Every structure is written in structure tokens, then in C-alpha cells.
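For reference, the chains in residue letters:
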Amino acid sequence: IGVMGGAFRGVAAFNEEQARQLEDRLERGSGEVDGVLLVLENPVPDEIPLILSVDGLLAARGGSTAHAAVAVNGIDDKPFSAVLGVSHLRVLQDSAEIIGPGGEALCRIEPGDVVSIHGQTGEVFTGSREIYG
């Protein structure tokens, strides 16, 4: 479910420490990435400050009325994209997997990997995708 924003290319982080480290190393304006993308299984209210500190959110669970969705829709001081309710995303402790129809892992996402999302359409891609428009 696309919750907010448009096309976004981010380096994947799975916790606050990774997000901070990746932000410090991020080369903004490089053309490859737009910021840090937080990847969570099921955002909970305690994670709202962390969610608001990054540039994008990808979550396996949640929807347009989830706490995270309500919080990110309140952001008006910076660009932010969010996609929630990705049923084919399985988030582990420090990585995630894209799951195929038979339950097998088709792709693994590690910290620092680039993931592209679209906050309006809900699309998710591994790697950096060019934006046409």
C-alpha cells in the first residue's frame, strides 16, 4: 500500500544504529540514492521517532490507518515516502527477504542495499530505479 510520497531510492536500514551509520556515510545527490529507507516488519508506536528520523519507510505489515502511516502523513518539513503492508516481504533481525508464491526467498535485502519504493503506487524494487517523468 503506497502511503505517502512518490518515487524514492534508499539504502536499507533495519534499526536505529544502522540508520545512523548509513546516514553518516550517505552521499546525497549522488544520483544513486535519495536517503535512508527504514525496513520494518510491523511498525509500532515506540518506533515513530526512528521512522521520522529517516527518509523513507518500507514495512511488511500495516496499512493506511496504521500508527506509522498517520505519523508519516504528518511530516511536512521534508520529502518522505512510505509503503506499508508488503505481503511478500519477510523482515528478519538484520535483513529482509522477498518471498515468492511458494514461500521461497527470491531475494535478500541486507543493510546498505539500495531499495526503490513508490509511495503512491506501493511498488517495491531491489536496486536503484531511474525516475522518468
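Cut-offs and rules
Residues numbered from 1 in each chain as written. Predicted model: local features only at pLDDT ≥ 70, side-chain atom pairs only at ≥ 80, totals over all residues. Heavy atoms only, no water. Buried < 20%, exposed > 50% of the residue type's maximum accessible area, 1.4 Å probe, protein only. Helix = DSSP H or I, 4+ residues; strand = E, 2+ residues; numbered from the N terminus. Pairing = 2+ DSSP bridges. Core = buried A, V, L, I, M, F, W, Y, C linked by side-chain atoms within 4.5 Å. Contact = heavy atoms within 4.5 Å. Arc of directions from axis to C-beta. Polar contact = N/O pair within 3.5 Å; in protein donor to acceptor, adjacent residues only side chain to side chain. Axes fitted to C-alpha atoms, helices over the stretch in contact; angles between N-to-C directions. Right-handed = clockwise from strand over helix to strand, strands pointing away.

1. Quick word on the pairing of strand β2 (residues 7-13)
Okay, so step 1: Taken across its seven residues, β2 has six buried, putting it largely inside the fold.
Okay, so step 2: The pairing of β2 with strand β9 (residues 114-118) spans five bridges and is antiparallel. Following the sheet pairing, G10 is matched in β9 by V115.

2. What about the nonpolar core?
Okay, so step 1: Among the nonpolar cores identified, the biggest contains 25 residues, and V3, V36, L38, I51, L57, V72 and F80 are the most heavily contacted of them.
Okay, so step 2: Mapped by element, the contributors of at least two residues to this core are β1 (2-4), β2, α1 (16-25), β3 (35-40), α2 (48-53), β4 (56-59) and α3 (67-73).
Okay, so step 3: It is α3 that contributes the most residues to this core, four residues altogether.
Okay, so step 4: Setting aside residues up to four positions removed in sequence, V72 forms contacts with V3, M4, I51, F80 and A82.
Okay, so step 5: If you look at the next biggest cluster of nonpolar residues, it comprises 15 residues, including L37, V39, V83 and V86.

3. Comments concerning α1
Okay, so step 1: For α1, the set of buried residues is Q18, A19 and L22. Down the axis of α1, the smallest arc covering the buried residues is 100 degrees, so these residues share one side.
Okay, so step 2: N-capping of α1 is provided by N15, with a side-chain oxygen placed 3.2 Å from the backbone N of E17.

4. So, the sheet that holds strand β8 (residues 105-109)
Okay, so step 1: Across the sheet, three strands lie side by side as β6-β7-β8; this open sheet has antiparallel pairing. In the strand order of this sheet, the two ends are held by β6 (89-91) and β8, each with one partner. Taken pair by pair, the neighbouring strands of this sheet meet at an average axis angle of 25 degrees, ignoring direction.
Okay, so step 2: Relative to β8, strand β7 (residues 96-99) runs antiparallel, the two being bridged by four bridges. Bridge pairing links I98 to C107 in β8.

5. A short note on the environment of Q18
Okay, so step 1: Mapped onto the elements, Q18 comes out in helix α1.
Okay, so step 2: Between the C-alpha atoms of Q18 and G119, which are 101 residues apart in sequence, the distance is 22 Å.
Okay, so step 3: With sequence-adjacent residues up to four places away left out, Q18 is seen in contact with A13, D94 and P111.
Okay, so step 4: Side chain to side chain, Q18 and D94 meet in a polar contact 3.0 Å long.

6. Side note on the pairing of β3
Okay, so step 1: Taken across its six residues, β3 has six buried, putting it largely inside the fold.
Okay, so step 2: Pairing analysis gives four bridges linking β2 to β3, with the strands arranged parallel. Note that in β3 the partner of A12 across the bridge is L37.
Okay, so step 3: Since β3 and β4 lie parallel, the crossover through α2 that links them has a hand, and here it is right-handed.

7. Let's talk about the sheet that holds β3
Across a sheet, strands are paired by hydrogen bonds formed along the backbone, either parallel or antiparallel in direction.
Okay, so step 1: Reading across from one edge, β1-β5-β4-β3-β2-β9-β10 is the order of the seven strands in this open sheet, with mixed pairing throughout. Either end of the sheet is taken by a strand with one partner, and the two such strands are β1 and β10 (124-126). Strand after strand, the sheet turns through a mean of 30 degrees between neighbouring axes, direction not considered.
Okay, so step 2: Set on the sheet, α1 makes contact with β2 and β3; between it and β2 the angle comes to about 115 degrees.

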